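Secondary and tertiary structure notes
The chain contents come next:
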Amino acid sequence: MKPNGVWIEIVLLGTAMACALALLIATLGAAAGAATGAEAAQQETQPPGAQTYEGMVTCSRCGARHSAVLGQTAADCARICVRGGASFVLVDGHGIYLLDGDIGVLGRLAGQRARIVGELSGKTIKISSVAAES
């Protein structure tokens, strides 16, 4: 009976080694897939041709100078001007850019500094994403 016991031990040892090797290969494959997924997500964050702009979201009528006579905050003044036909703009150190994006989101950021990612075409920024600066 002893010769059969040795063969069983050899088969069990081979099976255990095959399972351990399969587990190691699966772990390495999952780690490589996660690293590739992280790189792809990082590339999706900013579309090709898009740039990041930082500045004040305001209206095309008043720009950076809102009338203090109205007794309104810069945010309220910008929203009133946009309702009256003006457009939202971004004022930064390089100039004034018209913003082409969701009016609701821009309205919430009116009068605040924001970080905008988008494509510049002439003096208009086509917005991909926007966030308030902290």
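Read on for a plain summary of the structure. All values reported here derive from a predicted model rather than from experimental measurement.

Let us look at the overall build of the chain. In terms of helices and strands, the chain carries three helices and five strands. Residues classed as buried in the chain amount to 23% of the 134 residues present. Sequence-distant contacts, at least 24 apart, represent 59% of the contacts inside the chain between residues at least 6 apart. Carbon and sulfur atoms make up 62% of the accessible area of the chain, which amounts to about 9100 Å² in all.

Attention now goes to the packing of aromatic side chains. Any two aromatic rings considered together are summarised by their centre-to-centre distance and by the angle between their planes. Applying the stated rule across the entire model yields one aromatic pair. Seen in terms of ring centroids, tyrosine 53 and tyrosine 97 are 5.8 Å apart; in terms of plane orientation they differ by 45°. Their pairing is tilted. Here tyrosine 53 is found in strand β1 (residues 51–59), whereas its partner tyrosine 97 is found in strand β3 (residues 95–100), with 44 residues between them in sequence. Classification of tyrosine 97 by relative accessible area gives buried; the value is 9%.

The subject of this paragraph is the pattern of salt bridges. Here the structure, examined in full by the defined rule, presents three salt bridges. Residues glutamate 54 and arginine 115 are paired through a salt bridge, measuring 2.9 Å at the closest nitrogen-oxygen approach. On the criterion of sequence distance, the pair formed by glutamate 54 in strand β1 and arginine 115 in strand β4 (residues 113–121) is long-range, its members being 61 residues apart. A relative accessible area of 35% means that glutamate 54 is categorised as partly exposed. With relative accessibility at 40%, the residue arginine 115 sits in the partly exposed group.

Right, let's talk about the nonpolar core for a bit. Across soluble globular proteins, you tend to see nonpolar side chains buried next to one another. Judged by nonpolar contacts, the single largest core of 19 residues is most densely connected at Val57, Cys59, Phe88, Leu90, Leu99, Ile116 and Ile125. If one sorts the elements of this core by residue count, helix α2 (residues 74–83) sits on top with four residues.

Here aspartate 100 shows up in strand β3. Residue classification places aspartate 100 among the partly exposed positions, given a relative accessible area of 37%. C-alpha separation for the pair aspartate 100 and threonine 124, spaced 24 residues apart in sequence, amounts to 6.8 Å.

Parameters at a glance
Residues numbered from 1 in each chain as written. Predicted model: local features only at pLDDT ≥ 70, side-chain atom pairs only at ≥ 80, totals over all residues. Heavy atoms only, no water. Helix = DSSP H or I, 4+ residues; strand = E, 2+ residues; numbered from the N terminus. Buried < 20%, exposed > 50% of the residue type's maximum accessible area, 1.4 Å probe, protein only. Contact = heavy atoms within 4.5 Å. Areas by Shrake-Rupley, 256 points an atom, 1.4 Å probe, with all protein chains shown as cover. Phe/Tyr/Trp six-rings, centres within 6.5 Å; stacked < 30°, edge-to-face > 60°. Salt bridge = Lys/Arg side-chain N within 4 Å of Asp/Glu carboxyl O. Core = buried A, V, L, I, M, F, W, Y, C linked by side-chain atoms within 4.5 Å.

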